[in-house]
Amino acid sequence: MTARPRALLVLAWASLVANIGIVLTGGIVRLTGSGLGCPTWPRCTDESFVPHGELGVHGVIEFGNRLLTFVVAAVAILTFLAAWRHGRRELLLLALVIGLGVPAQAVIGGITVLTDLNPWIVALHLLVSLAMVSAAVLLIRWVLDGPGPRAGVVHRGFRALAWAIFAAGWGVLYIGTIVTGSGPHAGDADAPRNGLDPRAWSQFHVDLVFLMLGLTIAAVILLHVLHAPARVRRPAYALLGVELAQGVVGFAQYYLGLPIALVALHLLGAALTAAAITWLVVAMRAPAEVATQAKSGSMATATNSSDR
Ligand code: HEM
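Residues numbered from 1 in each chain as written. Predicted model: local features only at pLDDT ≥ 70, side-chain atom pairs only at ≥ 80, totals over all residues.

Caption draft 1: Expanded view of the overall build of the chain. Counting its regular elements, the chain contains 10 helices and two strands. Mapped in sequence order, the helices and strands of the chain form the string α-α-α-α-β-α-α-α-α-β-α-α. Its C-alpha atoms give the chain a radius of gyration of 21 Å, within 12% of the compact-globule value 19 Å for 308 residues. Along the first, second and third principal axes, the C-alpha atoms of the chain reach 65 × 50 × 25 Å. The proportion of buried residues among the 308 residues of the chain is 43%. (Helix = DSSP H or I, 4+ residues; strand = E, 2+ residues; numbered from the N terminus. Rg over C-alpha atoms; globule rule 2.2 N^0.38 Å. Buried ≥ 20, exposed ≤ 12 C-beta atoms within 10 Å, placed from the backbone.)

Caption draft 2: Summary view of the site of the ligand. Neighbouring the ligand are 27 residues, the closest being G176, T180, G183, G250 and A270. For the shell around the ligand, the secondary structure elements donating two or more residues are α5 (156-182), α6 (198-225), α7 (230-255) and α8 (260-283). Residues belonging to the shell around the ligand are distributed by class as follows: 12 nonpolar, 14 polar and one charged. (Near = placed C-beta within 6 Å. Nonpolar A, V, L, I, M, F, W, Y, C, P; charged D, E, K, R; others polar.)

Caption draft 3: A look at the nonpolar core. One finds V133, A136, L139, A271, A275 and L280 to be the most contacted residues of the largest nonpolar core, which totals 79 residues. The dominant element in this core, judged by the number of residues it contributes, is α8, at 16 residues. Looking at which domains feed residues into this core, each of domain 1 (1-147) and domain 2 (149-308) supplies at least three. Other than its neighbours up to four places away in sequence, L280 contacts A162, I165, P235, A236 and L239. (Core = buried A, V, L, I, M, F, W, Y, C linked by C-beta atoms within 7 Å. Domains from an automatic or database assignment. Contact = placed C-beta atoms within 7 Å.)

Caption draft 4: Focus on the domain arrangement of the chain. Segmenting the chain into domains produces domain 1 (1-147) and domain 2 (149-308). Between domain 1 and domain 2, the C-alpha centre-to-centre distance is 22 Å. Counting residues per element, the ones that place at least two in the side of domain 1 that touches domain 2 are α1 (5-31) and α4 (119-145). With 14 residues, α4 is the single largest residue contributor to the side of domain 1 that touches domain 2. Considered class by class, the residues forming the side of domain 1 that touches domain 2 number 20 nonpolar, six polar and four charged.

Caption draft 5: View of the packing of α4 against α5. With their axes 9 Å apart at the nearest point, α4 and α5 run at an angle of 145 degrees to one another. Relative to α5, the crossing made by α4 is right-handed. Contacts from P119, W120, V122, A123, L126, L127 and L130 of α4 reach α5 at L173, Y174, T177, I178 and G181. Across the contact of α4 with α5, the residue classes break down as 10 nonpolar, two polar and no charged. (Axes fitted to C-alpha atoms, helices over the stretch in contact; angles between N-to-C directions. Left-handed = near helix turned anticlockwise from the far one by under 90°.)

Caption draft 6: Quick look at unusual backbone geometry. Omega for the bond connecting W41 with P42 falls within 30 degrees of zero, at 5 degrees, which places this linkage in the cis form. In the Ramachandran plot, D116 falls in the positive-phi region, its phi being about 55 degrees despite a non-glycine side chain. Examined against the element boundaries, D116 turns out to sit in the loop between α3 (89-114) and α4. Despite not being glycine, L258 shows a phi value in the positive range, around 55 degrees.

Caption draft 7: Local environment of α4. Here α4 is 27 residues long and its end C-alpha atoms lie 39 Å apart, about the 39 Å a rise of 1.5 Å per residue gives. Just beyond α4, the residue with positive phi is G146, at close to 80 degrees. (Expected span 1.5 Å × (residues − 1).)

Caption draft 8: Structural view of the confidence of the model for the chain. Per-residue confidence for the chain gives a mean pLDDT of 92, with 95% of residues at or over 70. Of all the helices and strands in the chain, helix α10 (residues 299-305) carries the lowest mean pLDDT, 41, while α8 carries the highest, 98. Here residues 298-308 is a poorly scored stretch, pLDDT under 50, and it has 21 contacts once near neighbours within four places are set aside; other chains count. (pLDDT = per-residue confidence, 0-100.)

Caption draft 9: Molecular detail of the packing of α4 against α8. Where α4 meets α8, the axes come as close as 8 Å, and the angle between the chain directions of the two elements is 40 degrees. At the point where α4 passes α8, the crossing takes the right-handed sense. Packed against α4, whose contacting residues are L130, V133, S134, V137, L138 and R141, the element α8 presents A270, A271, A274, A275, T278, W279, V282 and A283 at the interface.

Caption draft 10: Summary view of the environment of L31. As for its placement among the helices and strands, L31 is situated in helix α1. By the C-beta count within 10 Å, which is 19 here, L31 ends up partly exposed. In the structure, L31 is positioned 153 residues away from P184 in sequence and 9.4 Å away in space, judged by C-alpha atoms. Those residues in contact with L31 that lie beyond four places of it in its chain are H185, I260, V263 and A264.

Next comes the structure, spelled out in structure tokens:
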């Protein structure tokens, strides 16, 4: 227990920011048609690891995204080392999972290039990054909560509702990638599309958004009525805010013919949605004493101790 948890907390936040950042830069690669800016992998060209002048701005953009992997990797390694020094097994395992996500993503990114941006692989590449965003949120919560046994701070019924929101949220994220695979932003003029009907899949995407939104509104009302602890109310309000903003961006991009600035904003919203649905479910379990206070009705105390 030598490293200060504060350092680990800072690194866990850095992991979250780095993974959201790479979702955005990966999106910029696709949206600027730079997906094959470096036409091969792991080298940029058959002869060189770095792009040359002929590859133009697309080469620079794609190579820039490859370089960012090293930033994410550096943060992941430092996080793992800090977790190791801190000595909490669950944190170490989680930091390891986050760290292993980096080489996994490097390989999936490579397969993306080698399959000429197959839309199903591009989708997988994004979904793994979103899963890493989720893992970073879990790490932050666990560092904040400290060691020891945990228990539920809200009623089991509410926990089921939050898990339903989580499942609907991942459904929205997954179907969103299918909509993208059917749309115009392939990442390269010659890249294949998945051949599905963009209108029908956008409709399915939005149906799931409404399901998630409805469940989230129900959760916010319930938490308010039940005077639930702030640690659970806060992520629910944040999620509702993200969903509403993301919904506006989603409709705007759909009706405006998918301008790249809005699609990039929608990607940022997707990463924030992944973070918020995870924050909600991980907030429902707290250190045992916080949970006991919450259940016995000492909401003020529970709220204070969970404000960390
Ligand atoms: C909380 C709400 C929402 C979330 C979390 C979400 C998430 C996503 C995700 C993850 C993608 C895939 C991005 C990619 O593969 O690069 C996507 C694509 C898309 N979403 Fe949403 N979305 C939401 C709401 C909406 C709404 C309300 C609409 C309205 C029509 C919409 C329309 C689209 C369209 C058209 C695409 C394809 C963009 C493209 O072709 O590049 N989304 N969404």
